[in-house]
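# Structural features, examined
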Amino acid sequence: MELLKQRILKDGTVKPGNVLKVDSFLNHQMDIPLINEIGKEFKRRFADKEITKILTIEASGIGIACITAQYFNVPVVFAKKSHSINLDGEMYMTTVESFTHKNVSNVILAKRYLTSDDHVLLIDDFLANGCALLGLIDIVKEAGATVEGAGIVIEKGFQSGGQTIRDMGIQLESLAIIDSMDDTTVTFR
Ligand code: 5GP
C-alpha cells in the first residue's frame, strides 16, 4: 500500500532492537484518514471471505481493528493481557511473548464472545516473530472457530513471523513489508 509506505518513510524512526516507531500516525497518535484507507484495503483483500468477527490483541491493534470493522460490518473482540490466571472455565487463555517489552503475558478472551460458528479475521499493527498472531490463532482454535485470514499493517519481513503464518496455510495480508531497516534507510519488498 503505497500511501502507507510513503508515510513510514516520512515519519517512521528506527530504534535499537529492530523496533520501528510509528507513534506519530499509527500507535500513539493515530491518523484516522490513513487508518480508514488501511481498513478499506483490508476489506478489498479479504472481499471474498465471509467474516463474522475481527479479533485483535490489546493495546495497539484495537483502534485499527475498530476502523477496519466498519468496512466488514462485524464486531471487534480483543484479547486482554491479564495478570491473574482465570481458572473458572469462562475464558480462553494463552500466553504471548511481547516483542517490544520482552515479557510473557497471559492473554484471555471471554468464551461468550467467540464460538465455533465464528469466521475470524485477525488484525494487528505489526508482525515480527509472530508470537501475537500465534496466540490469537491458539484462541481461535480453542474456540473451534475458523481463521479466515490475518491482516497486518506493517510486517518486518526480515523476522520469522510472516513465514511461520504463511506456512500454516493462512492468508496473510501485510500492507507494508519491510525488507531491511537501519538508522537511515527503510526498504520495502
Ligand atoms: P510478534 O508477536 O510478531 O513478535 O510482534 C508483534 C507485536 O509486537 C505487535 O503486536 C506490536 O505491538 C509489537 N511490535 C513488534 N515489532 C514492532 C515494531 O517494530 N514497532 C512497534 N511499534 N511494535 C512492534
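The structure presented is a predicted model; accordingly, all values stated were derived computationally and were not measured. (Residues numbered from 1 in each chain as written. Predicted model: local features only at pLDDT ≥ 70, side-chain atom pairs only at ≥ 80, totals over all residues. Heavy atoms only, no water.)

## As for the packing of helix 3 (residues 32–45) against helix 4 (residues 61–72)
- Running from N to C, helix 3 and helix 4 cross one another at 50°; their axes reach a closest spacing of 8 Å. Considered as vectors, helix 3 and helix 4 are oriented oblique to each other. The interaxial crossing formed by helix 3 with helix 4 has right-handed handedness. Touching Ile32, Ile35, Asn36, Ile38, Gly39, Lys40, Phe42 and Lys43 of helix 3 are Ile64, Ile67, Thr68, Tyr71 and Phe72, all from helix 4.
- The residue makeup of the contact of helix 3 with helix 4, split by class, is eight nonpolar, three polar and two charged. (Axes fitted to C-alpha atoms, helices over the stretch in contact; angles between N-to-C directions. Helix = DSSP H or I, 4+ residues; strand = E, 2+ residues; numbered from the N terminus. Parallel < 35°, antiparallel > 145°, perpendicular 65-115°, else oblique. Left-handed = near helix turned anticlockwise from the far one by under 90°. Contact = heavy atoms within 4.5 Å. Nonpolar A, V, L, I, M, F, W, Y, C, P; charged D, E, K, R; others polar.)

## Points about the side chain of glutamate 155
- In this structure, glutamate 155 sits in strand 8 (residues 146–156).
- Glutamate 155 sits in the buried class, given a relative accessible area of 2%.
- Discounting residues that sit within four places of it in the chain, glutamate 155 has contacts with Leu127, Gly162, Arg166, Leu172, Ser174, Ala176, Ile177 and Ile178. (Buried < 20%, exposed > 50% of the residue type's maximum accessible area, 1.4 Å probe, protein only.)

## Some details on the sheet that holds strand 7 (residues 119–127)
- In space, the eight strands of this open sheet follow the order 5-6-4-3-7-8-9-10, with mixed pairing throughout. With partners counted over all chains shown, the strands left at the sheet margins are strand 5 (91–97) and strand 10 (186–188), one partner each. The average undirected angle you get between the axes of adjacent strands in this sheet is 30°.
- Both strand 7 and strand 8 contribute to a ladder of eight bridges, which runs parallel. Within strand 8, the position partnered with histidine 119 by the bridge is threonine 146.
- Together, strand 7, strand 8 and strand 9 (172–181) form the strand contacts of helix 3, whose direction differs from that of strand 9 by roughly 120°. (Pairing = 2+ DSSP bridges.)

## What to know about the layout of surface pockets
- Empty space within the largest pocket amounts to approximately 770 Å³.
- Surrounding the largest pocket, 31 residues form its lining, Ser60, Ser98, Phe99, Thr100 and Asp125 being those nearest its centre.
- Elements with a contribution of two residues or more to the lining of the largest pocket: strand 2 (19–21), helix 2 (23–27), strand 5, strand 7 and helix 5 (131–143).
- The element contributing the most residues to the lining of the largest pocket is strand 7, with four residues.
- Of the residues in the lining of the largest pocket, the class split is 13 nonpolar, nine polar and nine charged. (1 Å grid on protein atoms, 1.4 Å probe; cavity = no way out; pocket = protein on both sides within 12 Å on 5 of 7 lines; lining within 4 Å. Points joined across faces, edges and corners; volume = space filled by probe spheres on them.)

## Brief notes about the site of the ligand
- Looking at the ligand, there are 17 residues lining it, with Leu20, Asp124, Asn129, Gly130 and Ala132 nearest.
- In this structure, asparagine 129 approaches the ligand through a main-chain N or O atom, which is 2.8 Å from an oxygen atom.
- The separation between an oxygen atom of the ligand and a polar main-chain atom of alanine 132 is 2.8 Å.
- Judged by the fraction of its atoms near the pocket grid, the ligand is located in the largest pocket. (Near = heavy atom within 4 Å. Polar contact = N/O pair within 3.5 Å; in protein donor to acceptor, adjacent residues only side chain to side chain. Sits in = over half its atoms within 2 Å of the grid points.)

## Focus on unusual backbone geometry
- In the segment running from glutamate 58 into alanine 59, the intervening peptide bond is cis, with an omega of 5°.
- Here alanine 59 is to be found in the loop between strand 3 (53–57) and helix 4.
- Look at asparagine 18: it is not a glycine, yet its phi comes out positive at around 60°.
- Looking at the secondary structure, you find asparagine 18 in the loop between strand 1 (13–15) and strand 2.
- Positive phi outside glycine occurs at lysine 102, with the angle close to 65°.
- In this fold, lysine 102 is placed in the loop between strand 5 and strand 6 (104–110).

## Considerations on the pairing of strand 6
- Counted residue by residue, strand 6 has six buried out of seven residues, so it is predominantly covered.
- Judged from the three bridges that link them, strand 4 (residues 76–82) and strand 6 form a sheet pairing that is antiparallel. Across the sheet, the residue bridging to serine 82 is asparagine 106, located in strand 6.
- Bridging between strand 5 and strand 6 involves seven bridges; their strand directions are antiparallel.

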